[in-house]
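# A look at the structure
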Amino acid sequence: PEEIGIKGDPLRIHRKTKSGSELVRDKDVVRPGDTLQLGYVAAGKRYGVIASIDARGTVTLHLPEAPGPAASLERNGERALPHSFELDDSPGFERFVFVRSDSPFGTREVASALGSGRALPSSLSAFTITLTKETP
């Protein structure tokens, strides 16, 4: 059976450090060039999208990595996405959003809402972590 109870946010972000990695939390400071590994806990939901938007308004899909249907979420604990990535030099902030649902949905509605600042449909639950980017 799937583990439904979770501690903390179902969206997980780890930053690579010299000694391994550290969990990054909402409002933490990051720098251009930091390597981040995204992960999630499905917590009973079947479909999900993880996307980010920066201060320039650029929306990036992380799960799935290409437009289309939401990903089928893997169950039983935290799951890391297959690829880590390096933060670019976009100033201000980087906001990560994990959108989940029991029913299928598409990446287009998530990317459109993020890009325009509109609310997501009420059938979707979203968890957000906003990181402040330090200016070099």
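Description of the structure in this document. (Residues numbered from 1 in each chain as written. Predicted model: local features only at pLDDT ≥ 70, side-chain atom pairs only at ≥ 80, totals over all residues. Heavy atoms only, no water.)

### Remarks on the pattern of salt bridges
Convention followed: The working definition used for a salt bridge is a side-chain nitrogen of Lys or Arg within 4 Å of a carboxyl oxygen of Asp or Glu. Each helix is a run of H or I in the DSSP string that is no shorter than four residues. Each strand is a run of E no shorter than two, and both are numbered from the N terminus.
This model, assessed by the stated rule, comprises nine salt bridges. Here R56 ties to D89 by a salt bridge, and the two come within 3.7 Å at their closest N and O atoms. Within this pair, whereas R56 is found in the loop between β5 (47-54) and β6 (59-63), its partner D89 is found in the loop between β9 (85-86) and β10 (92-101), the two being separated by 33 residues in sequence. Through salt bridges that share partners, R15, E22 and D34 make up one connected network.

### Regarding the side chain of E94
Condition: Pairs of N or O atoms are called polar contacts if they sit within 3.5 Å, as long as, within protein, a hydrogen donor faces a hydrogen acceptor (for residues adjacent in sequence, only side-chain-to-side-chain pairs). The contact definition used throughout considers only heavy atoms, calling two residues in contact when any of these lie within 4.5 Å.
One can find E94 in strand β10. A distance of 3.4 Å separates the side chain of E94 from the side chain of S52, its partner in a polar contact. Polar side-chain contacts of E94 include one of 3.1 Å to the side chain of K133. For E94, the residues in contact, after removing those within four places along its chain, are S52, I53, D54, L87, D88, I129, T130, L131 and K133.

### Description of the environment of L23
Formally: Think of it in three bands: residues with accessible area under 20% of the maximum for their type are buried, residues over 50% are exposed, and the middle band is partly exposed, with areas taken using a 1.4 Å probe on protein chains only.
Tracing the sequence through the fold places L23 in strand β2 (residues 20-24). By relative accessible area, which is 35% here, L23 ends up partly exposed. It is 10 Å that separates the C-alpha atoms of L23 and L38, two residues lying 15 residues apart in sequence. Among residues more than four places away in sequence, those in contact with L23 are I13, H14 and D28.

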